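# Results of the structural survey
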Amino acid sequence: MRQTVPWHNGSLEVLVTESVLVLRGSNFFIEVRPRSVIISNVKDLRIGEDTKKKYIYIYLIEPIKPLTSVHSKIVPGKPFNVGDYQLRYTITNYDHYYTIITPGYTLYDYIVVSSDEIGIVTSRKREVYYEVSDHMITLYFV
């Protein structure tokens, strides 16, 4: 299933096949799989944790650029279901955000996509391994 969702003055493409969700702009993509996440346009990575959760911050080289203009039925703040995933679009005075709420079979809780940063939240018990190459990162959760 291929759709577009609003992003600033344009849109991002959303593609869902079985258990994989891909969110793509003109200079960026994130591929969300049950045990891994692949992100392009990556500059840096930082991992932090508290007593219960592990937080992975991925910083982008440049802000996410939309594909084209779009008229969408997505209402900011309301959940939008696509496959097994749920997207929630939030607009603030500071930035635009997509929260990707993942299904129970994934090994992380949710992902927040902002203009220039991605945040992934998982259980503190999960091990996170990653590979970086050509401004792309692949995160593996175990």
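Just above sits the structure.
Overview of the structure. Remember, predicted model here, so these are calculated numbers, not experimental data.

This brings us to the sheet that holds strand S1 (residues 2-7). In spatial order, the strands read S1-S2-S3-S4-S5-S14-S13; together these 7 strands make up an open sheet with antiparallel pairing. Both edges of this open sheet fall to S1 and strand S13 (128-133), since each of them pairs with a single strand only. In this sheet, neighbouring strand axes are inclined to one another by 15° on average, regardless of whether the strands run parallel or antiparallel. As paired elements, strand S4 (residues 29-32) and strand S5 (residues 36-39) share 3 bridges and run antiparallel to each other. Across the sheet, Glu-31 pairs through a bridge with Ile-38, a residue of S5.

It is worth spelling out the packing of aromatic side chains at this point. The relative placement of two aromatic rings is captured by the distance of their centres and the angle of their planes. Using the criterion set out here, one finds 3 aromatic pairs in the structure. Between Tyr-89 and Tyr-98, the aromatic rings sit 4.6 Å apart at their centres with planes inclined by 20°, giving stacked as the arrangement. Exposure remark for Tyr-89: the relative accessible area of 3% places this residue in the buried category. When the ring of Tyr-108 is compared with that of Phe-141, the centres are 4.8 Å apart and the planes differ by 45°; the resulting orientation is tilted. Here Phe-141 lies in strand S14 (residues 136-141) and Tyr-108 lies in the loop between strand S10 (96-101) and strand S11 (110-114), a separation of 33 residues in the sequence.

Cut-off values and rules
Residues numbered from 1 in each chain as written. Predicted model: local features only at pLDDT ≥ 70, side-chain atom pairs only at ≥ 80, totals over all residues. Heavy atoms only, no water. Pairing = 2+ DSSP bridges. Helix = DSSP H or I, 4+ residues; strand = E, 2+ residues; numbered from the N terminus. Axes fitted to C-alpha atoms, helices over the stretch in contact; angles between N-to-C directions. Phe/Tyr/Trp six-rings, centres within 6.5 Å; stacked < 30°, edge-to-face > 60°. Buried < 20%, exposed > 50% of the residue type's maximum accessible area, 1.4 Å probe, protein only.

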